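One letter stands for each residue in the lines below.
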Amino acid sequence: MATNCCYILAFFLLFTNLSSFGKGDGNDIGGASYIFGDSLVDAGNNNYLPTLSKANINPNGIDFKPSGGNPTGRYTNGRTIGDIVGEELGQSHYAVPFLAPNSSGQALLYGINYASGGGGIMNATGRIFVNRLSMDIQIDYFNITRKQIDKMLGASKARDHIMKKSIFSITIGANDFLNNYLLPVLSIGARISQSPDGFIDDLINNLKGQLTRLYQLDARKFILGNVGPIGCIPYQKTINQLNENQCVELPNKLALQYNAKLKDLLAQLNENLPGAIFVHANVYDLVMEVITNYQKYGFTTASRACCGNGGQMAGIIPCGPTSSMCSDRDKHVFWDPYHPSEAANVIIAKQLLDGDTTYISPINLRQLRDRK
Ligand SMILES: *[C@@H]1O[C@H](CO)[C@@H](O)[C@H](O)[C@H]1NC(C)=O
Ligand SMILES: *[C@@H]1O[C@H](CO)[C@@H](O)[C@H](O)[C@H]1NC(C)=O
Ligand SMILES: *[C@@H]1O[C@H](CO)[C@@H](O)[C@H](O)[C@H]1NC(C)=O
């Protein structure tokens, strides 16, 4: 009897010990996302910055269940693509914004979000918003996280966690055009002094340095989205007074030119950085497909913002408490003048997770997660 009881007690102790051990070393963690980028994936960093680019105002987040419909700093009505992908890959928590008070302890192992509305590849991008985290700073912050994980797990387990269980997702570049090169105020943008070719080469060179830094910090599984059809967002259509079915040529042309070079860069990095895989997400073609064939996907419009004001497409004034808001939010491709709705994000995320090489190559996100 006595031995039996102790046996059970010992077993119980072992079990609780193991499970708390598991919590400490990342063994029980399905995987983590470390998310870099701009407002498409910002989950609240800008809430903590003195900036003009803010999304923690109503009615943003109205369909985000974990907050009860309150704004969180996400620039959409519900979940971002990063949130949806994390859920689908079995991650137990959304990646916490780096600047949030709870980005510490265990949360570091579930993934951290460094993305910032207005941010870009170049330091100068988004200057019009006064403050934002550009890509270089986001990587400086990951360098801080990296050291914290070392401290928590020890160097060897930390490396394992970062190399094998972590996906590095990077959604950047749109602001380098929209809030830098294409800005009408020439003195703020780079256009006054640079040809598009020169500017795009600078973007690619800087991005190459940034991805290499992440690699030096042990990142191995990367996914990079290319720049979407930024000439088709309600803001661009409205200020250029286009018809519903037209898109502004120059922004799309620049995006395509950048995207071609991005694809080459990723192929080059796949060859030159041993053990790393860079997955290319063809967001441009994917979003263009949804915009062109919106009815097939259950939308009633791909040109009018659900929340916003100004012009035919509600495309000038960002979404806020005084904006008009549509009632059928899941029938709009665009939530606001710049950003897709949650309904569109779900369709995009699904392709990234399970799609074929039309939109995601050489492997999709589920394959990337399972890659040894
Ligand atoms: C961090 O805080 C946010 C906001 O309070 C909350 O929604 C989220 O669940 C927290 N995440 C973790 C991992 O603690
Ligand atoms: C941004 O600024 C930092 C230093 O302030 C510099 O090291 C870095 O090269 C700059 N990056 C870009 C993309 O301009
Ligand atoms: C990370 O930070 C350390 C200083 O704490 C620095 O020496 C190192 O160069 C940084 N790594 C990268 C890739 O930025």
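Predicted model, so just to flag it, every value in this text is computed and none were measured. (Residues numbered from 1 in each chain as written. Chains lettered and ligands numbered in written order. Predicted model: local features only at pLDDT ≥ 70, side-chain atom pairs only at ≥ 80, totals over all residues.)

Peer 1: Could you give an account of the overall build of the chain, naming the residues involved and the relevant values?
Peer 2: When its secondary structure is counted, the chain shows twelve helices and nine strands. Relative to its full complement of 372 residues, the chain shows a buried share of 49%. Contacts spanning at least 24 positions in sequence make up 68% of the contacts within the chain whose residues lie at least 6 apart. (Helix = DSSP H or I, 4+ residues; strand = E, 2+ residues; numbered from the N terminus. Buried ≥ 20, exposed ≤ 12 C-beta atoms within 10 Å, placed from the backbone. Contact = placed C-beta atoms within 7 Å.)

Peer 1: Describe the nonpolar core, with residues and values.
Peer 2: Counting 89 residues, the largest nonpolar core has Y114, F177, F222, I223, L224 and I348 as the members making the most contacts within it. Once residues lying within four places of it in the same chain are set aside, the contact partners of I348 are I81, L286 and V287. (Core = buried A, V, L, I, M, F, W, Y, C linked by C-beta atoms within 7 Å.)

Peer 1: So what's going on with helix 4 (residues 135-153)? Residues and values would help.
Peer 2: With 19 residues, helix 4 ought to run about 27 Å at 1.5 Å a step, and its terminal C-alpha atoms sit 26 Å apart, in line with that. Of the residues making up helix 4, those classed as buried are M135, Q138, I139, F142, R146, I149 and L153. All buried residues of helix 4 fall inside an arc of 95° around its axis, so they share one side. Facing away from the buried surface of helix 4 by more than 90 degrees, the exposed residues are I144, K147 and K151. Positioned one or two residues after helix 4, G154 has a phi angle of 85°, which is positive. (Expected span 1.5 Å × (residues − 1). Arc of directions from axis to C-beta.)

Peer 1: Could you give an account of the site of ligand 1, naming the residues involved and the relevant values?
Peer 2: Around ligand 1, the structure places P66, H93, V96, A100, N102, A107 and Y110. Across the shell around ligand 1, the residue classes break down as five nonpolar, two polar and no charged. (Near = placed C-beta within 6 Å. Nonpolar A, V, L, I, M, F, W, Y, C, P; charged D, E, K, R; others polar.)

Peer 1: So what's going on with the site of ligand 2? Residues and values would help.
Peer 2: Around ligand 2, the surrounding shell consists of M122, N123, D136 and N206. Across the shell around ligand 2, the residue classes break down as one nonpolar, two polar and one charged.

Peer 1: Describe the pairing of strand 6 (residues 277-281), naming the residues involved and giving the relevant values.
Peer 2: With four of its five residues buried, strand 6 lies for the most part within the structure. Two elements, strand 5 (residues 221-225) and strand 6, share five bridges in a ladder whose sense is parallel. Bridge pairing links L224 to H280 in strand 6. Summarising the sheet, strand 6 and strand 9 (residues 360-361) pair through two bridges and their orientation is antiparallel. What sits directly across from A281, in strand 9, is I360. (Pairing = 2+ DSSP bridges.)

Peer 1: Got a sec to walk through the pairing of strand 5? Specific residues and values, please.
Peer 2: Summarising burial for strand 5: five of the five residues are buried, a large majority. By the alternation rule, side chains of strand 5 split into K221, I223 and G225 and F222 and L224, which are all buried. Across five bridges, the pairing between strand 4 (residues 166-171) and strand 5 is parallel. Following the sheet pairing, F168 is matched in strand 5 by F222.

Peer 1: Explain helix 11 (residues 342-354) residue by residue, including any values.
Peer 2: An α-helical turn contains 3.6 residues, so any two residues separated by three or four positions project in the same direction. Its 13 residues give helix 11 an end-to-end C-alpha distance of 18 Å, which sits within 8% of 18 Å, the value for a rise of 1.5 Å per residue. Every buried residue belonging to helix 11 is among E342, A343, A344, N345, I347, I348, A349, Q351 and L352, and all of these are buried. As for helix 11, its buried residues are in contact with helix 2 (81-88), strand 6, helix 10 (283-292), strand 9 and helix 12 (365-370).

Peer 1: Explain the confidence of the model for the chain to me, using residue names and the numbers behind them.
Peer 2: When the pLDDT values of the chain are averaged, the result is 90; 90% of them are 70 or greater. Taken together, the stretch residues 1-26 has pLDDT below 50 and engages in eleven contacts with residues farther than four places along the chain or on a different chain. (pLDDT = per-residue confidence, 0-100.)

Peer 1: Describe the packing of helix 2 against helix 11, listing the residues and the values that go with them.
Peer 2: Viewed as axis vectors pointing N to C, helix 2 and helix 11 meet at an angle of 50°, and their least axial separation amounts to 9 Å. In terms of orientation, helix 2 lies oblique with respect to helix 11. For the element pair helix 2 and helix 11, the recorded crossing hand is right-handed. Touching I81, I84, V85 and E88 of helix 2 are N345, V346, I348, A349, L352 and L353, all from helix 11. Partitioning the contact of helix 2 with helix 11 into residue classes produces eight nonpolar, one polar and one charged. (Axes fitted to C-alpha atoms, helices over the stretch in contact; angles between N-to-C directions. Parallel < 35°, antiparallel > 145°, perpendicular 65-115°, else oblique. Left-handed = near helix turned anticlockwise from the far one by under 90°.)

Peer 1: Tell me about the environment of D140, and please be specific about residues and values.
Peer 2: The topology assignment puts D140 in helix 4. Here D140 falls in the partly exposed class, since 13 other C-beta atoms lie within 10 Å of it. Taking the C-alpha atoms as reference points, D140 and R213, separated by 73 residues in sequence, lie 9.4 Å from one another.

Peer 1: Quick one: what's the story with the packing of helix 4 against helix 5 (residues 155-164), residue by residue and with numbers?
Peer 2: Remark: helix 4 packs on helix 5, axes separated minimally by 7 Å, with the N-to-C direction vectors making an angle of 125°. As judged from the angle between their axes, helix 4 and helix 5 are oblique. Read as a crossing pair, helix 4 and helix 5 show a hand that is right-handed. In this structure, helix 4 contributes I149, D150 and L153 to the contact, and helix 5 contributes A155, K157, A158, H161 and I162. For the contact of helix 4 with helix 5, a count of residues per class yields five nonpolar, one polar and two charged.

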